[in-house]
Every structure is written in structure tokens, then in C-alpha cells.
Amino acid sequence: PTRQRRRATTAAAAARGGGGGNFLEAAVTRELGVQSARLDPSVRERVEEAVEASRRRAVVGEVAARAGVKLAEAEEALKALAYDSGAVLEVSSEGDVVYAFPVGFRAAIRNKSLALRALPVLRSAGRAGAWAVRVTFGAALFASIAITVFAITVLLASANSRDNDRRGGGGSFSYGGGYGGGGFGWWPNVWIWTDPGYSRAAQRDPREEMSFPEAIFSFVFGDGDPNAGFDEARWRALGQFIQDRGGVVTAEEMAAFLDPPPDGGSVSTSGASGLEVDDSFVLPALLRFGGEPLVDESGHLLYSFPSLQKRAGSGGRREFAGRLGAARAAAEGAAPEVATRPPAPALEAEWLQSAASLGQTVGAVALGGVNVAAVWFLADLLSEPTMRMYAAQQGLGWIAALLPFLQLYAGAFFTIPAVRWVVNQARNARIAQRNAARETAADALSAPLPRLRAKLDAARRAGVQKVIAARDIVFSSDKEVGGEQELAEFDRRLQGQRKGK
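Residues numbered from 1 in each chain as written. Predicted model: local features only at pLDDT ≥ 70, side-chain atom pairs only at ≥ 80, totals over all residues. Heavy atoms only, no water.

Some words on the packing of aromatic side chains
Aromatic rings considered in pairs are described by the distance between their centres and by the relative angle of their planes.
Then, number 1: In this structure the tally under the stated criterion is 12 aromatic pairs.
Then, number 2: Geometrically, the ring pair formed by Phe-219 and Phe-413 is tilted, given 5.6 Å between the ring centres and 40° between the ring planes. A residue pair is termed long-range when its members are at least 10 positions apart, and Phe-219 in helix H9 (residues 212-221) and Phe-413 in helix H16 (residues 397-446) qualify at 194 residues.
Then, number 3: Residue class for Phe-413 comes out buried when judged on its relative accessible area of 1%.
Then, number 4: With a centroid separation of 5.2 Å and an interplanar angle of 75°, the aromatic rings of Phe-413 and Phe-414 are classed as edge-to-face.
Then, number 5: Every member of this aromatic cluster is reached through a ring pair, and the members are Phe-137, Phe-217, Phe-219, Phe-221, Tyr-409, Phe-413 and Phe-414.
Then, number 6: One cation-aromatic arrangement involves Arg-234 over Trp-235; the distance from NZ or CZ to the ring centre is 5.9 Å.
Then, number 7: Over the aromatic face of Trp-351 sits the side chain of Arg-427, whose NZ or CZ is 3.9 Å from the ring centroid. (Phe/Tyr/Trp six-rings, centres within 6.5 Å; stacked < 30°, edge-to-face > 60°. Helix = DSSP H or I, 4+ residues; strand = E, 2+ residues; numbered from the N terminus. Buried < 20%, exposed > 50% of the residue type's maximum accessible area, 1.4 Å probe, protein only. Lys NZ or Arg CZ within 6 Å of the ring centre and 35° of its normal.)

Next up, the structure:
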């Protein structure tokens, strides 16, 4: 009865609200039901791209490797995307789940969620807002100079007029020398720097698109983190590297992507042992891609990533013959080169002081210097009670209230770049250290010493990949389930697979 009363109350409220209330309720319910909207946008988009790169049929490990995300993140995203797009779930005889997505699944998901459709608009608005902030800060320099020079001109002209009145119209007022008649002999020569075209002409670089106001912001605050997408890119590269080598690699190979100890502590090309690595740095990769240590019969310490040894496709079980063949030939007594291309090291970019051109930087410094001098001069003028009185009489009393902000802007204009320079030096020193360690690791793999060569050969022999084909599928969500006997057989296989793990 209680449930019936609730339903009646809800129906009555809907009737009173009319069709608009029903539409709103349905829209909210539909929006809340979209699982993909709850995912981290970056992870969701990377997983979507990985699914499309896999021709819309993939397993968790394959997506994690292509997207460079954690296995748990890839599984969560695949489940949400499959739920929202009506993807088909297929289960192999070994218990592996294959996600088969329909054509246009990304558009279908976005059509269900207003939040997902609005995300590109919000990002565009954010970029426009960031651009507006940069331009506004640069334009504020012109405004500061204009306001300061105008105030100085009015104050000096007022003082000059009062002085002429006291002297009977003769002579001229000069404050500090060089400003006779309230004019500034140097100002017309400096004004040319305020023309954005001047800096672009001095630059002579047709590829430069930064406007002069943006260059002013860049001079003061820089241009953001140059390695904002570095982690995403290197995890994706490492995931693909591991998968392309059959899911078994060495710490020495992963050193080119990760953060091995610097200064030769992780990499040594001297001695009979070849490359010696402190393997603790590989832990982030093991946690991200589900790796585990593996010791072969010769005592080589390798790292296996079982989830990255599986792909969804139309073939059967296969090994990387092109890569493993040479290693096996070497094991049989031949002496071919190890058929493994050494990885390209993942290198970070150094922090730049500014991406502005030389002409734009010189222009920003010159204008900043003019602004500092003008603000200092105005502050010195307003320190005189007489000048404050003249400002009030001319309707410029607001200048005194604005002066602290002008001083803050002028002081920060050179203080912030100076602090950034010190910080960037320390950052770049650490970046150079990390890059050197990765490059050393990659160089050692280009010409491996005998023991390292044997270790790499062992990893290639251990590498294998299972391609889950259509004939391996025993259950598909788009087909009717068979009888109890088939279900029992499937459960038996699945339990056996879990025990095997």
C-alpha cells in the first residue's frame, strides 16, 4: 500500500506539472544513467581512441596498452562505454572478455548525455578564456603606461600653470629636469614599441603566431608546462612496446621510458655484466599494466605482463616470429643479430623562459621598464601634498587609490620572470638528468654486451601473444544462451581458467 500511494502521488504530481515536468524528469534520469559521463574525461577519450584503433574489438590489456592507462581504469571505462553504447560482450573458452563496439559508438554515447556534448564547448570556452586573460594582461601594460603618463602630464601641467600664475606668466615649471612645459621628450620615441607590428617585423619568423599582448604575458608568466602530456605519451609508448614484444621485457628496456636512477647508478655499459639496473624503478609499470617478475631457467630476471599478451582479432595463437626467430636461431648456434629494435628514449622538454620572439621580448622589457619608471615618477609626485591637491582639483583623485595596483603590476612585471628563471634552472637540471639516464639506457641497448644480449634473447623467447579469434568465443551477449548443459560446460571452463591463474 505504501508503494502504491507513492506511485499515485508521483503520478498526481506529474499530472499537475504537465508534460514539461515529465520531460525534465526523463531528461535528468537519462543523464544520470549515462555511465560514461562519470569517467575521467581524459581516460574516457583515450580509451575510446584505443578502442577505435583496435577496430572496435578489444580486450582490457590491449586497450590499457594502447591508451597508456591502468588496467583497472581501462576495465572500468570499457564497461561504462559498453553499457552506454550497447556493445557486445564476448567470452572466450579461457574466460577472457572481449568488448565488441558498434560503428559510431562514440556518437551514440554523446547523444545520450548533455554533459558529454557540452564538454567540447566548455573546453573551447576555457581556451578562449585563457587567451582573453593573456591578452588582457598584456593590454594592462599599455593601460598602465597610458594612465600613468596621463596623470603625470596633467599634474605637471597644473603645477606649471600655478607657477606661471605666481610669477606673472613668465618662466616654466620643471620637475626634476627634462620635462619642460609638461612634455616628455622621450615618449614619442618609445611609443613605437606599443605597435604589435613592430615586434612581428623585428622577429622575421613567419611561423610565429603569438600577438604582442600574448608575448607580454609569456614574458612574465611563461607558457605553461611543456611536458603536460609527457606521462600520457610515455605510458602509451611503453604499453605498446611491451605488447609488441610479446608481453615480456627486461628492466633495461623499460629504463628508456621510466625514471631510472641517474648518474650511471642504473646504467653501466662497462664490465662483463653489461647493463646493471636498480630494478626498483620498474614498480610503477608493474602496477599500471599488471606486471610480475619472472626468472627463466638461466637465472635472467624478466618481467611478464600477462594482460598485455592478449589481443582481440580473427586469428589464433601466434608468437612474434619476426622478432623471436633470430633469438631462437642464436640459441641453436647461429649468430644473427638480436632482432629487436631498441626503444627510443622518452625525453622531456626543457622549460623555456618564454616562447616570445626576441623582438617581442625586447619590446616587452622596454615597455615594462618605461612603466616602472613612470609609476615610480608618479608615486614620487603624489608623495607631495601639493600634487595630491592638484590631482583632486583636476578630478584625478582616483589616481591615488589606483596607485598601489599600478605599483604591484610594475613590480611583478620583472619580479615574477626573475623567480621563474631561478625555478626553471632547477627544473631543467633535473630534466637533463632524467633524460641522460634514459638516453644511456637506450644507447646500451643499441649495442648490448654478451650478458645483456642473452637476457634480451631470453625475453624474446618468453614473449608470446594470444589472439582471441571468433572460434575461441563460447558466449556472446547478442546471442541466446544455450541449454543448461552448455552453461555448465562454460562454468566449468571458466572455473578452470581462474584456478589456472
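Having seen the model, we can carry on.
A few points about the environment of Leu-456
Then, number 1: Locating Leu-456 in the fold gives a position in helix H17 (residues 450-462).
Then, number 2: Residue Leu-456 is classed as buried on the basis of its relative accessible area, which comes to 5%.
Then, number 3: Between the alpha carbons of Leu-456 and His-300 there is a distance of 9.2 Å; along the sequence they are 156 residues apart.
Then, number 4: Excluding its chain neighbours within four sequence positions, the residues that come into contact with Leu-456 are Thr-250, Glu-253, Leu-445 and Pro-448. (Contact = heavy atoms within 4.5 Å.)

Observations concerning a nonpolar patch on the surface
Then, number 1: Together, Val-365, Val-372 and Phe-414 line one region of the surface with nonpolar side chains, adding up to about 190 Å² of accessible area.
Then, number 2: Residue placement: Phe-414 occurs in helix H16.
Then, number 3: On the basis of relative accessible area, Phe-414 is assigned to the partly exposed category, the value being 32%. (Patch = residues over 30% accessible without salt bridge, like charges linked within 9 Å, V, L, I, M, F, W, Y side chains within 5 Å. Areas by Shrake-Rupley, 256 points an atom, 1.4 Å probe, with all protein chains shown as cover. Salt bridge = Lys/Arg side-chain N within 4 Å of Asp/Glu carboxyl O.)

A few points about the nonpolar core
Then, number 1: In terms of nonpolar packing, the biggest core is built from 47 residues, with Val-47, Phe-101, Leu-238, Met-254 and Phe-305 touching the most fellow members.
Then, number 2: Among the secondary structure elements, those contributing two or more residues to this core are helix H2 (41-53), helix H3 (60-67), helix H4 (71-85), helix H5 (105-112), helix H10 (230-244), helix H11 (251-254), helix H12 (283-289) and H16.
Then, number 3: For this core, the element with the highest residue contribution is H4, accounting for 7 residues.
Then, number 4: Excluding anything up to four places from it in sequence, Val-47 contacts Val-63, Ala-67, Val-69, Ala-74, Ala-77, Leu-78 and Leu-81.
Then, number 5: Of all hydrophobic cores here, the second largest spans 20 residues; its members include Val-375, Leu-378, Ala-379 and Ala-410. (Core = buried A, V, L, I, M, F, W, Y, C linked by side-chain atoms within 4.5 Å.)

Some details on the pattern of salt bridges
Then, number 1: One pass over the structure, following the stated rule, counts 21 salt bridges.
Then, number 2: Of the charged contacts, one joins Glu-232 and Arg-46 as a salt bridge, the two residues approaching to 3.8 Å between their closest N and O atoms. In this pair, Glu-232 sits in helix H10 while Arg-46 sits in helix H2, placing the two residues 186 residues apart along the sequence.
Then, number 3: Its relative accessible area of 28% is what places Glu-232 among the partly exposed residues.
Then, number 4: We note a salt bridge from Glu-75 to Lys-79, for which the minimum N-O separation is 3.5 Å. Separated by 4 residues within a single helix, Glu-75 and Lys-79 lie in helix H4, roughly one turn from each other.
Then, number 5: Taking the relative accessible area as the measure of exposure, Glu-75 reaches 34% and is therefore partly exposed.
Then, number 6: Here the salt bridges share partners, and the residues they tie into one network are Asp-231, Arg-234, Asp-259, Glu-348, Arg-434 and Arg-438.

As for H3
Then, number 1: The element H3 is extensively covered by neighbouring structure, given that 7 of its 8 residues are classed as buried.
Then, number 2: When H3 is considered as a whole, its buried residues turn out to be Val-60, Gly-61, Glu-62, Val-63, Ala-64, Ala-65 and Ala-67.
Then, number 3: Taken from the residues just after H3, Gly-68 is the one with a positive phi, measuring 75°.

Regarding the sheet that holds strand E3 (residues 97-100)
Backbone hydrogen bonds hold the strands of a sheet together, and the pairing may be parallel or antiparallel.
Then, number 1: With antiparallel pairing, the 4 strands of this open sheet are ordered in space as E1-E3-E2-E10. With partners counted over all chains shown, the strands left at the sheet margins are strand E1 (57-58) and strand E10 (473-476), one partner each.
Then, number 2: Pairing of strand E2 (residues 88-92) with E3, which is carried by 4 bridges, proceeds in the antiparallel orientation. In the sheet register, Leu-89 faces E3, and the bridge partner there is Tyr-99. (Pairing = 2+ DSSP bridges.)

Structural notes on the packing of H9 against H16
Then, number 1: It is the contact of H9 with H16, at a shortest axis distance of 7 Å, that shows an interaxial angle of 55°. Here H9 lies oblique to H16, going by the angle between them. When H9 is examined against H16, the residues Ile-216, Ser-218, Phe-219, Val-220 and Phe-221 are found in contact with a partner set consisting of Ala-412, Phe-413, Phe-414, Ile-416, Pro-417 and Arg-420.
Then, number 2: Its residues placed into classes, the contact of H9 with H16 shows 9 nonpolar, 1 polar and 1 charged. (Axes fitted to C-alpha atoms, helices over the stretch in contact; angles between N-to-C directions. Parallel < 35°, antiparallel > 145°, perpendicular 65-115°, else oblique. Nonpolar A, V, L, I, M, F, W, Y, C, P; charged D, E, K, R; others polar.)

Thoughts on the packing of H2 against H3
Then, number 1: As a packed pair, H2 and H3 sit with axes 8 Å apart at the nearest point and diverge in direction by 115°. Taken as axis vectors, H2 and H3 run roughly perpendicular relative to one another. Considering the relative orientation of H2 and H3, their crossing is right-handed. Each of Arg-46, Val-47, Ala-50, Val-51 and Ala-53 in H2 lies in contact with H3, whose residues at this interface are Val-63, Arg-66 and Ala-67.
Then, number 2: Split into classes, the residues belonging to the contact of H2 with H3 amount to 6 nonpolar, no polar and 2 charged. (Left-handed = near helix turned anticlockwise from the far one by under 90°.)

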